[in-house]
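Working through the structure, step by step
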Amino acid sequence: MKSILGKILIPSFSIFIAWVILRFILMTKVRSFFFHNFSFDAAEKILLNHFFIVLEGFILFIFYYFFRRNKKIDGFNVCGRNKNSIKIGIAVGVLIFLTTIPVGLYFGMKISPYFNLVNGLSNLFSNAAEEVIYRGIIFVAVLSLFRPTWISIVISGVAFGLGHWDLPYLFQAYIAVVGAILALTYVKTKSLVAPYIAHMIADLLADSFLQ
């Protein structure tokens with residue numbers, strides 16, 4: 001029993017607890033502190049928000065690396081060997097964007113072409129961090145506990161939805177579905193490249209056409 005706790009439960013739950021603290025307590029309070037005590041223009045606020053996501057991913061990766069190095073948790077593939085990862089990522093990204101249109105319109109957004117260079121470039125790094133967090137670290141943490149892959153797909157998707165806590169609940173539910181689709185993309189390609197490309201394309205199109 002102690003062996004099971006040490007090898008599986010403790011590492012996986014430690015990662016979940018670390019993620020909850022980082023996402024809902026530490027990063028929220030730190031971001032709030034900066035925004036309330038310092039003056040930032042629109043571009044600086046965007047950069048700061050994306051920076052906190054990257055910082056969260058970096059800190060969580062330290063927890064993951066410790067357990068992975070001691071072989072107490074599964075690993076995840078960053079590149080893999082699937083030659084179709086790019087094509088699949090593009091297709092999934094466009095599909096997600098198309099489903100985002102009616103969802104965005106339902107929540108009062110309007111179709112209005114506009115491209116924010118700062119946000120687009122920042123997404124290159126923050127989306128990579130989110131893929132490592134949700135389709136990488138959290139996914140394998142669940143997989144270490146429950147072998148049926150669909151459980152990891154669902155839970156990592158739900159975590160992705162909850163991670164966007166500042167959005168309406170129904171929008172979080174939609175993002176959870178998107179997270180599950182991205183996790184499924186990772187499973188099919190065995191590479192974070194495909195969901196990362198899908199994530200980038202979906203965000204780029206949504207941010208450029210839905211305001």
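So, here is what we can say about the structure in this document. Please read these numbers as outputs of a predicted model, since none were measured by experiment. (Residues numbered from 1 in each chain as written. Predicted model: local features only at pLDDT ≥ 70, side-chain atom pairs only at ≥ 80, totals over all residues. Heavy atoms only, no water.)

A look at the packing of helix H4 (residues 117–145) against helix H5 (residues 149–163)
The interhelical angle for the contact between H4 and H5, taken along N-to-C directions, is 135°, at an axis separation of 9 Å. In this view, H4 runs oblique relative to H5, as classed from their interaxial angle. For the pair H4 and H5, the sense of crossing is right-handed. Facing Glu130, Tyr134, Arg135, Ile138, Phe139, Val142 and Leu143 of H4, the residues of H5 in contact are Thr149, Ile151, Ser152, Ile153, Ile155, Ser156, Ala159, Phe160 and Gly163. (Axes fitted to C-alpha atoms, helices over the stretch in contact; angles between N-to-C directions. Helix = DSSP H or I, 4+ residues; strand = E, 2+ residues; numbered from the N terminus. Parallel < 35°, antiparallel > 145°, perpendicular 65-115°, else oblique. Left-handed = near helix turned anticlockwise from the far one by under 90°. Contact = heavy atoms within 4.5 Å.)

Looking at the layout of surface pockets
The computed volume of the largest pocket comes to approximately 1200 Å³. Taken together, 37 residues form the lining of the largest pocket, with His164, Leu167, Ile175, Asp203 and Asp207 sitting closest to its centre. The set of elements that each furnish at least two residues to the lining of the largest pocket consists of helix H1 (2–37), helix H2 (42–69), helix H3 (85–106), H4, H5, helix H6 (169–189) and helix H7 (193–209). A per-element tally of the lining of the largest pocket places H2 first, with six residues. When its residues are assigned to classes, the lining of the largest pocket shows 17 nonpolar, 13 polar and seven charged. (1 Å grid on protein atoms, 1.4 Å probe; cavity = no way out; pocket = protein on both sides within 12 Å on 5 of 7 lines; lining within 4 Å. Points joined across faces, edges and corners; volume = space filled by probe spheres on them. Nonpolar A, V, L, I, M, F, W, Y, C, P; charged D, E, K, R; others polar.)

Some points on the pattern of salt bridges
Inspection of the entire model under this criterion finds three salt bridges. The residue arginine 23 makes a salt bridge to glutamate 56 at a minimum N-O spacing of 3.1 Å. Taken as a pair, arginine 23 in helix H1 and glutamate 56 in helix H2 lie far apart in primary sequence, 33 residues in all. Residue arginine 23 is classed as buried on the basis of its relative accessible area of 10%. (Salt bridge = Lys/Arg side-chain N within 4 Å of Asp/Glu carboxyl O. Buried < 20%, exposed > 50% of the residue type's maximum accessible area, 1.4 Å probe, protein only.)

A closer look at the side chain of threonine 185
Here threonine 185 shows up in helix H6. Its relative accessible area of 6% is what places threonine 185 among the buried residues. Leave out the neighbours within four places in its chain, and threonine 185 touches Ile88, Val92, Ala194 and Pro195.

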